[in-house]
Amino acid sequence: MNKHFDVAILGGGLAGLTLALQTKKMNPDASIIVMESRDGAAPDAAHKVGESTVELGTHYIREVLDLKDYMDEHQLPKHGLRFFFSPQHKGDIARRVELGPRKLLPVPSHQIDRGSFENKLAELCLERGIKFEHGAKVSDVQLNGDKHIVTYTQKDEQEVVTSRWVVDATGRASFLKRKLGLKKEIDHAVCAAWFRIKGDLNVDEWSDNKEWNTFLEPGLRRLGTIHFMDKGYWVWLIPLATGNTSVGIVADPAVHPFDTYNKLDKALNWLEINEPLCFKHINPRKEDILDFRVMKHFAQNSEKLYSHERWAISGESGVFLDPFYSPGTDFISLNNTFISDLITKDLAGTDISLQTEFYEKTLLALFNNWVPVYENRYPMWGSTQTMIFKIFWDWAVYWAVPTLLFTNEGFTNLMVLKNLFASEDGAGQRFGKLNNSVQSLFSEWVEYDTNPFEDRYIDPFDLHYLKDLHLGLEERFSTRELVAKVNENVGLLEEIASEMFRLMSNKIHGTSMDMKVDPFNMSLKTKPQENSEGIVARAEVKKDVAVMWFYQNQAVL
């Protein structure tokens, strides 16, 4: 066997395999080895948290890795994310406020069976000349300029290879991160338990309410990633291409202690108490449950991810936040895109010092900007109005900037990054500050969100700006056009934020619906004063925000 490679990837899961394929596509002559500790094919089991993709990760798989035909033929289409609130009606799904698309979304996403998908990726690696070593347990890595030394054991024999690049994709083993002492604490202690059950769990069959069953086309509801929501937790249902269904519990231990659902029998008892309708349809089929997995405190962070000394960290080895909104594949896609670009430039003889620093700052900034979406937010998961606002806000943020940048190759365009992120008043910097401001606003508002709303259906495409942002992901822009579009989108987000605040403040304090608002400095703790330097949303934005506001405004103080 060749003992020296251009790239050595530690770990043959989703992150490592997709990085190998992307790097090989960009560098056909590069020699790449993937070392996977698992001996044999990936199991057809629930071995990962969640099995869904959303728009950014889907674009990566379909367009960057050229797997569109495979995904359409062998994995399930996903009909968006679907949420059920109104926890006072847990026994009657048709009474709960439901949020989700009525019609098939124009920009695709998928429900992925990770075992079969990772086995396909491994097969493609071998076909494309990538060395794939099963049962290769890495025991040491010596970082040494352009000739790193990797030692691993395979079939009780010690093997040593050298490589110009070494990438840690070992998942939660976090080999390089541990070796280099890069672990960074993150204050997000949420935990998960999940299992697969043989056959389908079709929520369309959970009610005989004829009107409810006409809200969207037959068969589409079950193809969404289903979320049942209440204070401190959410429960997922995800159909898989195998015909089985993934079921998961994700909860904040401050509200729902981990030891109340960390065994299968406990998890079923927990469902009986917290989501009785799920329990009703699962418990009679207890013998059909195929496996059970748990993960305590799954959030991960890292001090560093990339080095100009030719090492990098991708996937869960580096950063991971939360399966809510299915962002795991997104961060793999972003990480791999930065890493493969650095490898490509380095193999071509380019000095990568500047790109390395810029890419790492960008990725960690995106991660840190996304932390407030989850951190300390689980207690509001059962508040219907708050979550309607929050989910539509989070989707708008996601489609308006990071996904648009990714689908237009903006993250590896230094001119785009400099224009958006280099200055304090740039759109990229404002974007992060604005999201922090709005997430804090939700935490202030939730104590006033006490109405028990019910019997409502709301579609993200009921809002024109959300529809436009989603459809805009299929547009392709030049560098100048992309910068202009992101600036325009951030301006739109500022208007949305200001209008949400106006509605909340009017409800609580009786303030004017025409007052100007500074969306970067919003607080409901005291009655806000008119801000002459603030903004007022356009009429069309006001109209869209009103669609997702369930209260009739009347000051309560």
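Read on for a plain summary of the structure. (Residues numbered from 1 in each chain as written. Predicted model: local features only at pLDDT ≥ 70, side-chain atom pairs only at ≥ 80, totals over all residues. Heavy atoms only, no water.)

**Notes on the overall build of the protein**
Then, number 1: Assigned secondary structure in the protein consists of 16 helices and 18 strands.
Then, number 2: Here the protein has a C-alpha radius of gyration of 24 Å; the compact-globule value for 557 residues is 24 Å, and the two agree.
Then, number 3: Considering only C-alpha atoms, the protein reaches an extent of 75 × 60 × 40 Å along its principal axes.
Then, number 4: Within the protein, buried positions represent 61% of all 557 residues. (Helix = DSSP H or I, 4+ residues; strand = E, 2+ residues; numbered from the N terminus. Rg over C-alpha atoms; globule rule 2.2 N^0.38 Å. Buried < 20%, exposed > 50% of the residue type's maximum accessible area, 1.4 Å probe, protein only.)

**Comments concerning the side chain of S109**
Then, number 1: Mapped onto the elements of the fold, S109 is located in the loop between β5 (98-99) and β6 (110-111).
Then, number 2: Beyond its immediate stretch of four places on either side in the chain, S109 contacts T53, V54, T58, L76, P77 and K78. (Contact = heavy atoms within 4.5 Å.)

**Considering the packing of helix α12 (residues 414-421) against helix α15 (residues 479-509)**
Then, number 1: As a packed pair, α12 and α15 sit with axes 10 Å apart at the nearest point and diverge in direction by 30°. Taken together, α12 and α15 sit at an angle that is classed as roughly parallel. Note that α12 runs across α15; the crossing there is right-handed. Here α12 contributes M415, V416, N419 and L420 to the contact with α15, which in turn contributes T479, L482, V483, V486 and N487.
Then, number 2: A breakdown of the residues in the contact of α12 with α15 according to their chemical character gives six nonpolar, three polar and no charged. (Axes fitted to C-alpha atoms, helices over the stretch in contact; angles between N-to-C directions. Parallel < 35°, antiparallel > 145°, perpendicular 65-115°, else oblique. Left-handed = near helix turned anticlockwise from the far one by under 90°. Nonpolar A, V, L, I, M, F, W, Y, C, P; charged D, E, K, R; others polar.)

**A look at the sheet that holds strand β15 (residues 293-295)**
Then, number 1: Taken together, the eight strands give an open sheet; going across it, the order is β15-β11-β14-β13-β12-β4-β5-β18, and neighbouring strands pair in mixed fashion. If you trace the sheet from one side to the other, it starts and ends with β15 and β18 (457-458), each paired once.
Then, number 2: Pairing between strand β12 (residues 225-230) and strand β13 (residues 233-239): five bridges, direction antiparallel. Bridging from a neighbouring strand, I226 pairs with L237 of β13.
Then, number 3: Across the face of the sheet, helix α6 (residues 264-274) comes into contact with β11 (191-197), β13 and β14 (245-251) while running at roughly 110° to β13. (Pairing = 2+ DSSP bridges.)

**Here's the deal with the packing of helix α10 (residues 384-400) against α15**
Then, number 1: Orientation of α10 relative to α15, taken along the N-to-C sense of each, is 170°, at an axis distance of 10 Å. By the criterion of interaxial angle, the relationship of α10 to α15 is roughly antiparallel. Residues F389, W393, A396, V397 and A400 of α10 lie in contact with α15, whose contacting residues are N489, L493, I496, A497, M500, L503 and M504.
Then, number 2: Grouping the amino acids of the contact of α10 with α15 by side-chain chemistry returns eleven nonpolar, one polar and no charged.

**Side note on the nonpolar core**
Then, number 1: Counting residues in each nonpolar core, the largest one holds 154 residues, and the members touching the most others are F83, F324, W393, W395 and M548.
Then, number 2: Ranked by the residues each element gives to this core, the list is headed by α15, at 13 residues.
Then, number 3: Dropping the residues within four chain positions of it, F324 is found in contact with F83, H227, M229, W234, Y374, Y378, W381 and M387.
Then, number 4: Counting residues in each nonpolar core, the second largest holds 30 residues, with I197, L237, Y261 and L271 among its members. (Core = buried A, V, L, I, M, F, W, Y, C linked by side-chain atoms within 4.5 Å.)

**Some points on the state of the cysteines**
Then, number 1: One pass over the full model with this rule turns up zero disulfides.
Then, number 2: For C191, which is in no disulfide, the shortest distance to another cysteine sulfur is to C278 and amounts to 20 Å.
Then, number 3: Judged by its relative accessible area of 1%, C191 falls in the buried class. (Disulfide = S-S within 2.5 Å.)

**Describing the pattern of salt bridges**
Then, number 1: Within this structure, the stated rule accounts for 36 salt bridges.
Then, number 2: The partner of R102 in a salt bridge is D462, with the nearest N and O atoms 3.0 Å apart. Placement of R102 in the loop between β5 and β6 and of D462 in the loop between β18 and α14 (464-471) is noted, with a sequence separation of 360 residues between them.
Then, number 3: Across the pair K131 and E133 runs a salt bridge, and its minimum N-O distance is 3.5 Å.
Then, number 4: A residue is classified by how much of its surface remains accessible, and K131, at 33% relative accessible area, is partly exposed.
Then, number 5: If you follow the salt bridges from partner to partner, you end up with R82, E98, D204 and R221 in one network. (Salt bridge = Lys/Arg side-chain N within 4 Å of Asp/Glu carboxyl O.)

**Describing the environment of M548**
Then, number 1: Within the secondary structure, M548 sits in the segment after α16 (539-547).
Then, number 2: Leaving out residues up to four positions away in the same chain, M548 has contacts with Q385, I388, F389, F392, I458, L463, Y465 and M500.

**Notes on α16**
Then, number 1: Along α16, the residues that are buried comprise V541, D544 and V545. The buried side chains of α16 occupy one side of the element, clustering within an arc of 95° when seen end-on. The outward face of α16, more than 90 degrees from its buried face, is lined by the exposed residues A539 and K543.
Then, number 2: In this fold, the buried residues of α16 make contact with α10, α14 and α15. (Arc of directions from axis to C-beta.)

**So, the side chain of D544**
Then, number 1: Along the polypeptide, D544 turns up in helix α16.
Then, number 2: Within the buried core, D544 has no salt-bridge partner, and the shortest N-O distance to an opposite charge, that of K543, equals 7.2 Å.
Then, number 3: For D544, the contacting residues outside a window of four places in its chain are D462, L463, H464 and Y465. (Lys, Arg positive; Asp, Glu negative; His and termini not counted.)

**Examining the pairing of strand β8 (residues 137-142)**
Then, number 1: When β8 meets strand β9 (residues 148-154), the two strands line up antiparallel, connected through five bridges. The residue bridging D140 from the neighbouring strand is T151, located in β9.
Then, number 2: Following β8, the chain reverses through five residues before pairing antiparallel with β9; G145 in that reversal takes a positive phi of roughly 65°.

**Looking at unusual backbone geometry**
Note on backbone geometry: most residues besides glycine have negative phi, and most peptide bonds are trans.
Then, number 1: The backbone phi angle of H297 is positive, close to 50°, even though this residue is not glycine.
Then, number 2: Here H297 is to be found in the loop between β15 and β16 (306-307).
Then, number 3: Judged by relative accessible area, which is 40%, H297 ranks as partly exposed.
Then, number 4: A positive phi is found at Y325, a non-glycine position, where the angle reads about 75°.
Then, number 5: With respect to the helices, strands and loops of the structure, Y325 is situated in the loop between β17 (311-313) and α8 (328-347).
Then, number 6: For Y325, a relative accessible area of 6% gives the class buried.

**Some thoughts on α8**
Then, number 1: Compared with the 28 Å implied by 1.5 Å per residue over 20 residues, the 28 Å span of α8 between its first and last C-alpha is a close match.
Then, number 2: Two residues or fewer past α8, G349 is found with a positive phi of approximately 90°. (Expected span 1.5 Å × (residues − 1).)

**Notes on the packing of aromatic side chains**
Aromatic ring pairs: the centre-centre distance and the angle between the two ring planes describe each pair.
Then, number 1: Going through the model one piece at a time under the given rule, you end up with 32 aromatic pairs.
Then, number 2: Pairing F324 with Y325 gives two aromatic rings, centres 4.5 Å apart and planes at 50°, and the pair type is tilted. Accessibility assignment for this pair places F324 and Y325 in one class, buried.
Then, number 3: Ring centres of W445 and Y551 lie 5.7 Å apart, and the angle between their planes is 90°; on these two criteria the pair is classed as edge-to-face. Pair noted here: W445 is in helix α13 (residues 427-445) and Y551 is in the segment after α16, with a separation of 106 residues, a long-range link. Assigned by exposure class, W445 and Y551 land together as buried.
Then, number 4: One aromatic cluster is present, built from ring pairs that chain together F83, F85, W234, W236, F324, Y325, Y374, Y378, W381, F392, W395 and W399. (Phe/Tyr/Trp six-rings, centres within 6.5 Å; stacked < 30°, edge-to-face > 60°.)

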